[in-house]
Amino acid sequence: MSFSLPAFRRKWSCRGYMSVGAAMVTVALGLADRAEARKYGSPLDIFGIAAPRPRAAAHSANISGKIPLPRPRPEEAPKASAKASDEAPPETGGKPSPDKPGSTKPAEEAPPPEKQASACRLGLTEEIAIAPSIPDIRGPGACGGEDLVRLEAIVLPDKRKVAVKPAAILRCTMASAIADWVRKDVVPLAASLGSTISDLDNFDSFECRGRNRVVGAMLSEHGKANAIDVRAIKLANGQSLGLTDRTMSREVRERVLHSVCSRFSTVLGPGSDWYHENHIHLDLAQRRNDYRICQWNVWDPLPQVAPLLPAERPEEAPPREVAAKPEAKPEAKPETKQSVDDEAAEASPAPADKSGAEGHKAQPHKPATKKRR
C-alpha cells in the first residue's frame with residue numbers, strides 16, 4: 001500500500017484534530033523540564049530525522065558510575081611473559097629508532113651463518129698437523145675447492161714438528177694423507193738412517209693450471225688443491241734424501257716408492273714423462289673403479305767412467321822432431337804458342353827406320369791355345 005501526506009489528508013480529514021494536538025504538545029513541552037523532554041522524540045517525526053535520544057541503560061550507568069571491572073588475577077596463576085614492546089627502552093632525545101622506516105642510520109647486515117666443520121677438519125687437530133683453515137677458492141672454470149687448509153707443519157708423535165717449506169695449500173683430505181705418510185712411513189725410514197726428519201721440500205701445491213702447464217690441457221689436480229710435488233726429504237743431521245737423485249741409495253728410494261704408491265691414487269716420477277724427472281707428483285684423484293697410477297722408475301747410478309786423456313810424456317823422452325816445411329814451388333809462367341808447339345814435338349815418337357822395317361819379315365799371327373794339364 002502506497003502512502004503519502006496529500007492522500008492521508010484527502011482520505012481522513014483531521015485538520016482540526018491535528019492542530020489541537022499540536023497545541024497540547026507545545027504546552028506540555030513548555031511545562032515539563034527540558035532534560036525530561038529530550039527523552040521523547042517528536043510525535044510527528046514519522047521518518048526518524050530528529051536527533052536520537054540516549055539509551056536509558058547507558059545514561060543510568062554513567063550517572064551511577066558503576067562500571068564493570070575484571071576480576072583480580074589469582075596468586076597461583078603463572079606470570080605473563082613481558083612483550084617485546086614493554087622491554088624496549090624508551091626513546092630519548094627525539095631521535096628515531098634505527099628499526100623504523102624513518103631512521104637515517106642503515107641497519108647492520110646480519111653475519112653469514114657459520115659453515116659446519118667437516119669430519120676431516122675435526123680429525124686434523126693440532127696434535128697431528130699445523131694446518132689452519134682458509135676460505136674456499138673459486139677460480140676460473142673448475143679451479144679451487146672447498147674445505148681447504150694451509151699445511152705449515154706436521155706434528156710427530158713425540159711432539160716434534162716437521163716444517164713444510166713452503167706451506168702447501170691443499171684440501172683437508174690431501175693434507176691429512178700427507179701427514180699420515182710422514183708420521184707412519186717417513187719417520188721409520190729416517191730412523192733407519194740414524195737421524196730424524198726435519199723438513200719436507202714442497203716443490204708445488206695449489207696452482208690453477210692445466211696438466212704439465214700445457215695451454216688448453218685438462219685441469220691438473222694441482223688446480224683442485226688435490227696434489228703436491230715433493231722434491232726431497234731433509235734430515236736433522238743435514239742430509240737431504242733426493243727422491244730422484246741417482247746417487248741416493250736404491251733401497252731408500254724403493255722404500256719411498258712402495259709407501260707412496262700404497263697411499264696415493266697417482267704417483268708420477270722419473271720414467272713417467274720428462275715433466276717429472278726432478279720431483280715426485282702425489283695426488284688423490286678419483287677414477288672409475290678406484291683405478292691407480294704408479295709410474296716411477298728407480299734408476300741405477302750412472303757408471304763412473306774415467307775421462308779419456310793422453311798419458312803424460314816421460315821426462316827422459318827425446319825432444320819431438322819438428323817436420324820440415326815443404327819447399328816453395330816456382331811460379332808457373334804463362335804458356336805461349338811457341339812453348340805449346342815445343343812440348344807437342346817432344347811428345348811425338350821418332351819415325352822408324354824403313355830399311356830395318358823392310359828387312360824384317362812379318363810373321364803370321366797364330367791363335368793362342370790352352371795348355372792341357
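Whatever comes next refers back to the structure up there.
Residues numbered from 1 in each chain as written. Predicted model: local features only at pLDDT ≥ 70, side-chain atom pairs only at ≥ 80, totals over all residues. Heavy atoms only, no water.

All chains considered together, the criterion is met by 1 cavity of 30 Å³ or more. Looking at the largest cavity, its volume works out to about 30 Å³. Surrounding the largest cavity, Trp-181, Val-230, Leu-243, Val-256, Val-260, Ile-280, Leu-282 and Trp-296 form its lining. Of all the secondary-structure elements, those providing two or more residues to the lining of the largest cavity are α8 (250-261) and β11 (280-283). (1 Å grid on protein atoms, 1.4 Å probe; cavity = no way out; pocket = protein on both sides within 12 Å on 5 of 7 lines; lining within 4 Å. Points joined across faces, edges and corners; volume = space filled by probe spheres on them. Helix = DSSP H or I, 4+ residues; strand = E, 2+ residues; numbered from the N terminus.)

Let's shift gears to the state of the cysteines. If you walk through the whole model with that rule in mind, you get 3 disulfides. What pairs with Cys-261 in a disulfide is Cys-294, and their sulfur atoms sit 1.8 Å apart. Residues Cys-261 and Cys-294 share a disulfide whose torsion about the S-S bond is about 50°; that sign makes it right-handed. On the criterion of sequence distance, the pair formed by Cys-261 in helix α8 and Cys-294 in strand β12 (residues 293-295) is long-range, its members being 33 residues apart. According to the relative accessible area criterion, Cys-261 is buried, its value standing at 18%. (Disulfide = S-S within 2.5 Å. Buried < 20%, exposed > 50% of the residue type's maximum accessible area, 1.4 Å probe, protein only.)

Further remarks concern α8. Taking 1.5 Å of rise per residue, the 12 residues of α8 would be expected to cover 16 Å, and the 16 Å separating its terminal C-alpha atoms lies within 8% of that figure. Along α8, the positions that sit buried rather than exposed are Val-252, Arg-253, Val-256, Leu-257, Ser-259, Val-260 and Cys-261. On its buried face, α8 sits against α7 (172-192), β9 (240-242), β10 (266-268), β11 and β12. (Expected span 1.5 Å × (residues − 1). Contact = heavy atoms within 4.5 Å.)

Further remarks concern the side chain of Asp-201. Within the secondary structure layout, Asp-201 lies in strand β7 (residues 197-204). Not counting chain neighbours up to four residues away, the residues in contact with Asp-201 comprise Lys-165, Asp-229, Val-230, Arg-231 and Ala-232.

With that settled, consider the environment of Arg-287. Note on placement: Arg-287 falls in the loop between β11 and β12. With 22 residues separating them along the chain, Arg-287 and Ser-265 place their C-alpha atoms 8.6 Å apart. Not counting residues within four places of it along the chain, the set of residues in contact with Arg-287 comprises Ser-265, Thr-266, Arg-292 and Ile-293. Only 2.5 Å separates the side chain of Arg-287 from the side chain of Thr-266, close enough to count as a polar contact. (Polar contact = N/O pair within 3.5 Å; in protein donor to acceptor, adjacent residues only side chain to side chain.)

Attention now moves to the packing of aromatic side chains. Inspection of the entire model under this criterion finds 2 aromatic pairs. A ring pair is formed by Trp-181 and Phe-264, whose centres lie 6.5 Å apart and whose planes are at 80°; its orientation type is edge-to-face. In this pair, Trp-181 sits in helix α7 while Phe-264 sits in the loop between α8 and β10, placing the two residues 83 residues apart along the sequence. Using a relative accessible area of 1% as the deciding quantity, one classes Trp-181 as buried. In this structure Phe-264 comes out as buried when scored by relative accessible area, which is 1%. Ring geometry for Trp-274 versus Tyr-275: centroids 4.5 Å apart, planes at 25°, classification stacked. Exposure remark for Trp-274: the relative accessible area of 65% places this residue in the exposed category. (Phe/Tyr/Trp six-rings, centres within 6.5 Å; stacked < 30°, edge-to-face > 60°.)

Next up on the list: the packing of α7 against α8. At their nearest, the axes of α7 and α8 sit 11 Å apart, and the two run at 165° to each other. The angle between the axes of α7 and α8 places the two elements in the roughly antiparallel class. As α7 packs across α8, the resulting crossing turns out to be right-handed. Contacts between α7 and α8 involve Trp-181, Asp-185, Pro-188, Leu-189 and Ser-192 on the former and, on the latter, Val-252, Arg-255, Val-256, Ser-259 and Val-260. Across the contact of α7 with α8, the residue classes tally to 6 nonpolar, 2 polar and 2 charged. (Axes fitted to C-alpha atoms, helices over the stretch in contact; angles between N-to-C directions. Parallel < 35°, antiparallel > 145°, perpendicular 65-115°, else oblique. Left-handed = near helix turned anticlockwise from the far one by under 90°. Nonpolar A, V, L, I, M, F, W, Y, C, P; charged D, E, K, R; others polar.)

This paragraph deals with a nonpolar patch on the surface. A contiguous nonpolar surface patch, about 340 Å² in accessible area, is contributed by Val-214, Trp-274 and Tyr-275. Secondary-structure assignment places Tyr-275 in the loop between β10 and β11. Residue classification places Tyr-275 among the partly exposed positions, given a relative accessible area of 32%. (Patch = residues over 30% accessible without salt bridge, like charges linked within 9 Å, V, L, I, M, F, W, Y side chains within 5 Å. Areas by Shrake-Rupley, 256 points an atom, 1.4 Å probe, with all protein chains shown as cover. Salt bridge = Lys/Arg side-chain N within 4 Å of Asp/Glu carboxyl O.)

As enumerated under the stated definition, the model contains 13 salt bridges in all. For Lys-165, the salt bridge goes to Asp-199, with nearest N and O atoms at 3.5 Å. On the criterion of sequence distance, the pair formed by Lys-165 in strand β6 (residues 161-171) and Asp-199 in strand β7 is long-range, its members being 34 residues apart. Notably, a salt bridge pairs Asp-201 with Arg-231, separated by 3.3 Å at the nearest N-O pair.

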